[in-house]
Amino acid sequence: MKVLAILYNGFNAAVKEPRLLGTVENKLGIDKWLASRGHEYIVSSDKEGPNSDFEKHIADAEVLITTPFHPGYLTRELIEKAKNLKICVTAGVGSDHIDLNAAVDHKIQVLEVTGSNVVSVAEHVVMNILALVRNFVPAHEMIERGDWQVSDVARNAFDLEGKVVGTIGAGRIGYRVLQRLVPFDCKEHLYYDYAKLSTEREQAIKARRVEDIEDFVSQCDVVTVNAPLHEGTRGLINEKLLSKFKPGAWLVNTARGAICDADDVAAALKSGQLRGYAGDVWNVQPAPKDHPWRTMKNPLGGGNGMTPHYSGTTLDAQARYAAGTKSILENYFEGREQEPADVIVGLGAWATKAYGQR
Ligand code: NAI
């Protein structure tokens, strides 16, 4: 059986750090195991264009492994060329880089290692919120420059205590973000999600549901995005919705870059409508050198907390999603049923309720 994996290059770091399992060099740690079972295992980072390894090998691969950190974009057109493809495994969480409707139509199963990095991301979100609210990045840059002017950074630094924090999406990550914020004594925790939490779960994270998104954003000092990218969330945060935010709100998005309109966010930060924007996900990955989010700033020259996509690929997370990928493959090879929570698209049908109301 031919197994194709599109992973990111680890180069020297991966040679020196074997726990960087999700790299081309370390192959999710499953190369010897696959070889011992007689499978052909192709691993590459080369994913763009008709001559890429991705497009060449997808033509006859039966299993595709991809990762959201360096997404191999499996379009409907590619799915139509992938005559042997039976199963796509996302090493991580978030399978929007696959045309999921086309996977349904072509009876290709899509699985994720559900839950594998949700704590990793929730911790990153809390860090991003604090970094923005406390104006950390400009303060650190000042120190590196050799300067010391407290008022220049204190003029845009606040406490998280007493602020209203809201999450778009209160699933595994959104829930854990609010759970981790409980000791910060925020004024309120809000959530916007078509899936209502049980009263007990709402109480445990002190959360109140707001059903209308404009009403929701107008009440939040901090908005964090924790919903998958699908037809209902693509471009959700655009000029119109940003105009309904509280002036000077902070926005953190570690879900998917394309949930926000890139130019509209950059303009809102420049005007001060947003005081800060942070996250690690981009509408195209790797992000081009001239992407506006790399350098955008608020009127005081700060408010940018962007990083490459790494919140869900800590070494702890890599151990979990590498093990989860292996177990999904084992189930597939043995003809065993998959863990229901891991199945995004089953044989010819959607299996999850998290990718929009259908
Ligand atoms: P989950 O499936 O546990 O929760 C997603 C929640 O979003 C569900 O409650 C769902 O009802 C809600 N939702 C869906 N559409 C919505 C909409 N239009 N408006 C409001 N809520 C909506 O997923 P989990 O594990 O919390 O992950 C969420 C997303 O985070 C993933 O799909 C992925 O895109 C992203 N992620 C990012 C990572 C990173 O490294 N930056 C790593 C892991 C996940």
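Fair warning: this is a prediction, and the values are worked out from it, not measured in the lab.

1. Here's the deal with the UniProt feature "binding site: substrate" (unreviewed entry) in the protein chain
Listed under "binding site: substrate" (unreviewed entry) in the UniProt record, and renumbered for this structure, are Val93 and Asn117. What stands out for the annotated residues spanning 25 residues is how close their C-alpha atoms remain, the widest pair being 7.2 Å apart. Secondary-structure assignment places Val93 in the loop between β4 (87-90) and α5 (100-105). Look past the residues within four positions of Val93 in its chain and what remains in contact with it is Glu112, Val113, Thr114, Ser116, Asn117, Val118 and Gly312. Here Asn117 shows up in the loop between β5 (109-112) and α6 (118-133).

2. A short note on the packing of α6 against helix α9 (residues 172-181)
At their nearest, the axes of α6 and α9 sit 9 Å apart, and the two run at 50° to each other. Here α6 is positioned oblique relative to α9, judged by the angle of their axes. Crossing geometry of α6 relative to α9 is assigned as right-handed. Listed contacts from α9 to Val118, Val119, Val121, Ala122, Val125 and Val126 of α6 are Arg172, Ile173, Arg176, Val177, Arg180 and Leu181. For the contact of α6 with α9, a count of residues per class yields nine nonpolar, no polar and three charged.

3. Re the pairing of strand β11 (residues 274-279)
The element β11 is largely enclosed, with a buried count of six among its six residues. As judged from the five bridges shared by strand β10 (residues 249-253) and β11, these two strands associate in the parallel manner. Paired with Ala249 across the bridge in β11 is Leu274. Crossover connection from β10 via helix α13 (residues 262-271) to parallel β11: handedness right-handed.

4. Some words on the site of the ligand
Around the ligand, a shell composed of 33 residues is seen, among which Gly94, Gly169, Gly171, Pro228 and Gly312 lie nearest. At the level of elements, α6 and α9 are the ones that each hand at least two residues to the shell around the ligand. Per element, the largest residue contribution to the shell around the ligand is three residues, and it comes from α9. Considering only residue class, the shell around the ligand consists of 15 nonpolar, 14 polar and four charged.

5. Observations regarding the sheet that holds strand β7 (residues 188-192)
Taken together, the seven strands give an open sheet; going across it, the order is β8-β7-β6-β9-β10-β11-β12, and neighbouring strands pair in parallel fashion. Single-partner strands in this sheet number two, and they are β8 (207-209) and β12 (304-306). Across the sheet, the mean angle separating the axes of adjacent strands is 20° when strand polarity is ignored. Direction of pairing for strand β6 (residues 164-168) relative to β7: parallel, over a ladder of five bridges. Note on β7: the bridge partner recorded for Val165 is His189.

Conventions and cut-offs
- Residues numbered from 1 in each chain as written.
- Predicted model: local features only at pLDDT ≥ 70, side-chain atom pairs only at ≥ 80, totals over all residues.
- UniProt positions renumbered as here; feature names shortened; annotations may be inferred.
- Helix = DSSP H or I, 4+ residues; strand = E, 2+ residues; numbered from the N terminus.
- Contact = placed C-beta atoms within 7 Å.
- Axes fitted to C-alpha atoms, helices over the stretch in contact; angles between N-to-C directions.
- Parallel < 35°, antiparallel > 145°, perpendicular 65-115°, else oblique.
- Left-handed = near helix turned anticlockwise from the far one by under 90°.
- Nonpolar A, V, L, I, M, F, W, Y, C, P; charged D, E, K, R; others polar.
- Buried ≥ 20, exposed ≤ 12 C-beta atoms within 10 Å, placed from the backbone.
- Pairing = 2+ DSSP bridges.
- Right-handed = clockwise from strand over helix to strand, strands pointing away.
- Near = placed C-beta within 6 Å.

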